[in-house]
Amino acid sequence: VITKFFNYFDSYINKKPNPVLSTIVTVQSHFPFNLPRNMRQVWPEPKNMKQRYANCLKNIDDAIKLFYQKLEERGLSDSIVIITADHAFPMGDQGPSNLEAGYFEESYRIPFIMTGPTMTPQQLKGSYSQVDIAPTILDLLNIKAINTSFVGNSIFSKNQSLVALQIQPYEKQIGVVNLPYKYRYSAKNNKEYVFNIEQDPLENNNIIATISNNQLDDFRKKIQTVYNTQRFYELNK
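Residues numbered from 1 in each chain as written. Predicted model: local features only at pLDDT ≥ 70, side-chain atom pairs only at ≥ 80, totals over all residues. Heavy atoms only, no water.

Chemist: When you look at unusual backbone geometry in this model, what are you seeing that I'm missing?
Modeler: With the exception of glycine, most residues fall at negative phi, and the peptide bonds are largely trans. Of the consecutive residues F31 and P32, the connecting peptide bond is found in the cis state with omega at 10 degrees. Position of P32 relative to the elements: it lies in the loop between α1 (2-15) and α2 (49-73). In this model, L179 is joined to P180 through a cis peptide bond whose omega is 5 degrees. You can see P180 is positioned in the loop between β4 (173-178) and β5 (181-186). A positive phi angle is found at K172, which is not glycine, with a value near 55 degrees. By the secondary structure assignment, K172 is in the loop between β3 (164-168) and β4. Phi is positive for N190, close to 50 degrees, though the residue is something other than glycine. For N190, a relative accessible area of 59% puts it in the exposed group. (Helix = DSSP H or I, 4+ residues; strand = E, 2+ residues; numbered from the N terminus. Buried < 20%, exposed > 50% of the residue type's maximum accessible area, 1.4 Å probe, protein only.)

The structure is reproduced here in structure tokens:
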């Protein structure tokens, strides 16, 4: 995939030598994680899903290394690169082992790696999600966007509450993480949950009765913002 991408990239750049935004969508880390025998570097004969998954991750790591090598060969080491995912995958730690049934933290925890000029190595603290990526890119490029409907915030913003949004469409679950708390609303069952995911990482104890009304209202307002934004998109606004 990396080689094919750069063959296309080179032909495109020769025609339009301007800054470009490119996306590579990979499927090697996608369920059911089956690889041909010649590509299985960790477990030649995998016996379960986790072993199949490990094989995929090794190949993805190698591909990321190759990607950066190809950038360097073209003198593009100062490119902004973001490596992330659309969702995680439940491995059965909390019961579900398929995407459609999973709505615990293990279904949402995804990688986020961003490299680029003037960036120093650091680990993000707090909660973020994919809705923060677009505002982050605009912030990094010093583009002051107006009249946007982003519900996220730049990860570089100094004046934000570190809140992550979680949406699981199959089971109609929508959540808000504001550490140490996680609020989850089940539209399917019209039921609310609150967990302290630092003390209760497996989300076994619903503590909604112990938080203040103000905290609960803040969570509900964030959920409503998501629903309102979705309506704007559907109305092409």
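Chemist: Please explain the side chain of N59 as it appears in this structure.
Modeler: Here N59 shows up in helix α2. For N59, a relative accessible area of 10% corresponds to the buried category. Beyond its immediate sequence surroundings of up to four residues, N59 is in contact with Q28, L35, M39 and Q41. (Contact = heavy atoms within 4.5 Å.)

Chemist: Help me understand the environment of N205 in this model?
Modeler: Within the secondary structure layout, N205 lies in the loop between β6 (191-196) and α4 (213-234). Overall, N205 belongs to the partly exposed group, its relative accessible area being 47%. Here the alpha-carbon distance between N205 and F195, two residues 10 residues apart in the chain, equals 6.4 Å. Those residues in contact with N205 that sit more than four places away from it in its chain are V194, F195 and D200.

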